[in-house]
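Here are the chains, one letter per residue:
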Amino acid sequence: MTITGPDADLLGAVGALRDSVAAPRLPLAADGVVATRRIQAELIRRLDDYLIPRLRRPEGPVHIVVGGSTGVGKSTLVNSLVRQEVSKAGVLRPTTRSAVLCVNPAEVAAVTGPERLLPAFLRAPGPTDRADALTLAPHPAIPAGIALIDAPDVNSVVADNRDAGERLLGAADAWLLVTTAERYADAVPWRLLQAARERRVTIAIVLNRVPPESLREVREAGQALLAVNGLGDLPLFTVPESVLTGGLLPEYLLDPLMTWLRSTAHDPTMRQATIAATVNGMFDDLPRRLGAVAEGLAAQVEAADRLRSQADLAYASERISLHDAIAQGELLRGTPLLEWQAMIAPDRATALFSAGDPAAETARRLLLGAAADQVAAAASRAAEQVAGAWREALAEQDSAEAVVSAGTRAGAVPPELDEWADGLVDLLAREPHRKRSDAQFFAAGRNGPAALLAAVVFTGRRGATAPPRRRRALRSGSSIDRTVHPVAAATRRLADAVFGADETDRLAELAATSLDTALGALFDRLAFRHHRALSDLGVEPGAAKALLEAGQAVQRAR
């Protein structure tokens, strides 16, 4: 790709890619998430700091970042090239706390305008300790066509300075890597060399502070080491150790390096080739980096699916427990059971079916409240199970963001149970009643009979007065009839008197089935709150695909 001017189609594709990289969140502690977050952040920075502004202004000055380890003399080298102290040098570490941007005065607008590289970095007119700032140092000694940046040390003990140094290198057209005769084989310069080669960034090496008597030997050793590592074509400059005058190296020692800088600045073909190599290197590196981010996004989706399944399982398990409690006649117990027993005592039962008597409404509230208490307890257990299962995956999240509470409290009747109770009234309204004695019970409405039917379901549908054929079956193998609770037996006797024994069985079966459906809807709703909490964290199933498609669009637009 030869950059000759702004390309609207390419810029549009790169802008869309930037959005696709930045949009997905990686909130879950899935496999490789730390590395994926790092790659995502680096990719966003390189797009913002370098690729997008460079595509907008391909003819701007070549940005050459002077980088390397702490204490190798980078600032002294920059000052000596400019012949003025523009970057503080000294023995204290770190010396360079914020980067210094040296540029020809004629090109100040190009490095400070809206289309400048590194737009997020402030341009400070004077020295500053801010790691996110560039101290602007215009000087006529810098050839027009290049901008020289003295960067903080990439191995600084100060994390902000270290990050700024890495970020500046990631947004450079070319690198001037400085090391010393004693440290050129250290890990830091070689890590930077390999990174530059992977990105296809133009790079030159300065071996600084070389003892004069070892100049040739050190240069040959350095060239041999570069050649062995496939980097033999890199420009290598040696700067002998020398006495500083006014903090500056003798000018003649830097003539070869200055010639290289002037060639880059004055030769349009060389300048364009330098920029194009770095831009193309970034484009060529995109598929690898996007693939790594896409894998991380897929891992997030898998982790979110596991969390959803864990939530569904927790609530399904508690729903089954409630189903079993209904089957065993244990949904009504404790104090509510005793209160219901008092309500159906022989001298009070008729109140349930008397017009104007509040007993039917009291019975409804009592029964639904008792069921709601058990639902609340089951929901709380499910929520606790979810919190326990999710704790590790949500270690980096505020627990309030993604782990929700039970969603129902003791005594608060969920709407699903209210609707179920209303459904019992409707059910009885549709049913023909064959017993003449029904008339006295249904004349005042069906709220009382509906409460009685709910009590049959809550206390156990088999009862003590099952029809003869059912009693024979129970004697043959089941112990339910022998262990039925006295309140359940009394409830069943009253229901048989109102509905008839066979009708009680049939109506109770219908009521239990509809209750199971209602509880299913209730627990699905409670579980869905966890699904929604996961969705709020920003794990999007289609993010990986969208990211890769955006990357492919960029490659097509090149």
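Please refer to the structure placed before this passage.
Small disclaimer: the values here were computed from a predicted structure and weren't measured.

Calculation rules
Residues numbered from 1 in each chain as written. Predicted model: local features only at pLDDT ≥ 70, side-chain atom pairs only at ≥ 80, totals over all residues. Heavy atoms only, no water. Helix = DSSP H or I, 4+ residues; strand = E, 2+ residues; numbered from the N terminus. Buried < 20%, exposed > 50% of the residue type's maximum accessible area, 1.4 Å probe, protein only. Contact = heavy atoms within 4.5 Å. Areas by Shrake-Rupley, 256 points an atom, 1.4 Å probe, with all protein chains shown as cover. Axes fitted to C-alpha atoms, helices over the stretch in contact; angles between N-to-C directions. Parallel < 35°, antiparallel > 145°, perpendicular 65-115°, else oblique. Left-handed = near helix turned anticlockwise from the far one by under 90°. Nonpolar A, V, L, I, M, F, W, Y, C, P; charged D, E, K, R; others polar. Pairing = 2+ DSSP bridges. Expected span 1.5 Å × (residues − 1). Polar contact = N/O pair within 3.5 Å; in protein donor to acceptor, adjacent residues only side chain to side chain. Salt bridge = Lys/Arg side-chain N within 4 Å of Asp/Glu carboxyl O.

Student: Hey, could you run me through the overall build of the protein in this one?
Tutor: Along the backbone of the protein there are 20 helices and eight strands. Evaluated residue by residue, the protein yields a buried proportion of 52% over its 558 residues. By sequence separation, contacts in the protein at least 24 residues apart represent 80% of the contacts at least 6 residues apart. Taken as a whole, the protein presents about 25,100 Å² of accessible surface, with 52% of it coming from carbon and sulfur.

Student: What is the right way to read the environment of S263 from this model?
Tutor: Looking at the element boundaries, S263 is found in helix α8 (residues 255-266). Along the chain, S263 and G145 lie 118 residues apart, while their C-alpha atoms are 9.8 Å from each other.

Student: I would appreciate a short explanation of the packing of helix α1 (residues 8-22) against helix α9 (residues 268-327) in the present structure.
Tutor: When two helices pack together, their arrangement is given by the angle between the helix axes and by the axis-to-axis distance. Two elements in contact, α1 and α9, have axes whose closest approach is 13 Å; the angle formed by their N-to-C orientations is 25°. In this view, α1 runs roughly parallel relative to α9, as classed from their interaxial angle. Judged by the sense of rotation from one axis to the other, the crossing of α1 with α9 is left-handed. Contact residues: L10, V14, L17 and V21 in α1; F283, L286 and L290 in α9. Taken together, the residues of the contact of α1 with α9 break down into seven nonpolar, no polar and no charged.

Student: Would you explain the sheet that holds strand β1 (residues 62-68) in this entry?
Tutor: Taking strand neighbours across the sheet as the criterion, the eight strands line up as β3-β4-β2-β5-β1-β6-β7-β8 in an open arrangement whose pairing is mixed. The two strands at the open ends of the sheet, each matched to only one other strand, are β3 (122-124) and β8 (236-240). Strand-to-strand twist in this sheet, taken as the mean axis angle between neighbours without regard to direction, amounts to 25°. Pairing between β3 and strand β4 (residues 133-138): three bridges, direction parallel. Across the sheet, residue R123 finds its bridge partner in β4, namely L134. The strands that helix α6 (residues 187-199) touches are β1, β6 (174-180) and β7 (202-210); relative to β6, the one it contacts most, it runs at about 160°.

Student: Would you mind showing me how to read the packing of helix α18 (residues 486-499) against helix α19 (residues 501-536) here?
Tutor: Remark: α18 packs on α19, axes separated minimally by 7 Å, with the N-to-C direction vectors making an angle of 105°. Judged by the angle between their axes, α18 and α19 are roughly perpendicular. Listed contacts from α19 to R492, A495, D496 and F499 of α18 are A501, E503, T504, D505 and L507.

Student: Would you mind showing me how to read the pairing of β1 here?
Tutor: Along any regular strand, the residues point their side chains to alternate faces of the sheet. Summarising burial for β1: seven of the seven residues are buried, a large majority. Neither face of β1 is open: one carries V62, I64, V66 and G68, the other H63, V65 and G67, and all of them are buried. In terms of strand pairing, β1 meets β6 through five bridges, oriented parallel. Counterpart to V66 in the pairing with β6 is L176.

Student: Sorry if this is basic, but what is going on with α18 here?
Tutor: What sets the pattern is the α-helix's 3.6 residues per turn: residues three or four places apart point alike. In this model, α18 (14 residues) spans 20 Å end to end at C-alpha, consistent with the 20 Å of a helix rising 1.5 Å per residue. Across the 14 residues of α18, 10 count as buried, placing the element largely inside the fold. After α18 finishes, the residue G500 shows a positive phi value of roughly 95°.

Student: Would you mind showing me how to read the pairing of strand β2 (residues 99-103) here?
Tutor: Taking burial as the measure, the five residues of β2 include five buried ones, the bulk of the element. Because side chains alternate across β2, one face comprises the buried residues A99, L101 and V103, and the other comprises V100 and C102, equally buried. The pairing of β2 with β4 spans five bridges and is parallel. Bridging from a neighbouring strand, C102 pairs with A137 of β4. Strand direction decides the pairing type here: β2 and strand β5 (residues 146-150), joined by four bridges, are antiparallel. By the bridge assignment, V103 is partnered in β5 with A147.

Student: In this structure, what is going on with the side chain of E107? I would like to understand it.
Tutor: Take E107: it is sitting in the loop between β2 and α4 (108-112). Once residues within four sequence positions are removed from consideration, E107 is found in contact with P61, A144, G145 and I146.

Student: So what exactly am I meant to see when it comes to the side chain of T36 here?
Tutor: Take T36: it is sitting in helix α2 (residues 33-56). Within the structure, T36 has its side chain in polar contact with the backbone oxygen of G32 (distance 2.9 Å). With residues near it in sequence (within four places) discarded, T36 still touches L26, A292, V293 and G296.

Student: Teacher, can you tell me more about unusual backbone geometry here?
Tutor: The bulk of non-glycine residues show a negative phi, and the bulk of peptide bonds are trans. Within the chain, L118 stands out as a residue other than glycine whose phi angle is a positive 50°. Tracing the sequence through the fold places L118 in the loop between α4 and β3. Given the relative accessible area of 1%, L118 is considered buried. Unusually for a residue other than glycine, R200 sits at a positive phi of about 65°. With respect to the helices, strands and loops of the structure, R200 is situated in the loop between α6 and β7. Relative accessible area serves as the criterion here: at 39%, R200 is assigned to the partly exposed category.

Student: In this structure, what is going on with the pattern of salt bridges? I would like to understand it.
Tutor: Side-chain pairing between opposite charges can occur once the charged atoms of the two side chains come close. Counted under the stated rule, the structure contains 25 salt bridges. One salt bridge in this structure joins E42 and R289, with 3.3 Å as the shortest N-O distance. Pair noted here: E42 is in helix α2 and R289 is in helix α9, with a separation of 247 residues, a long-range link. On the basis of relative accessibility, which here comes to 17%, the residue E42 falls in the buried class. The partner of E220 in a salt bridge is R216, with the nearest N and O atoms 3.1 Å apart. Separated by four residues within a single helix, E220 and R216 lie in helix α7 (residues 215-228), roughly one turn from each other.

In short, the description is geometric, and any link to function would need to be established separately.
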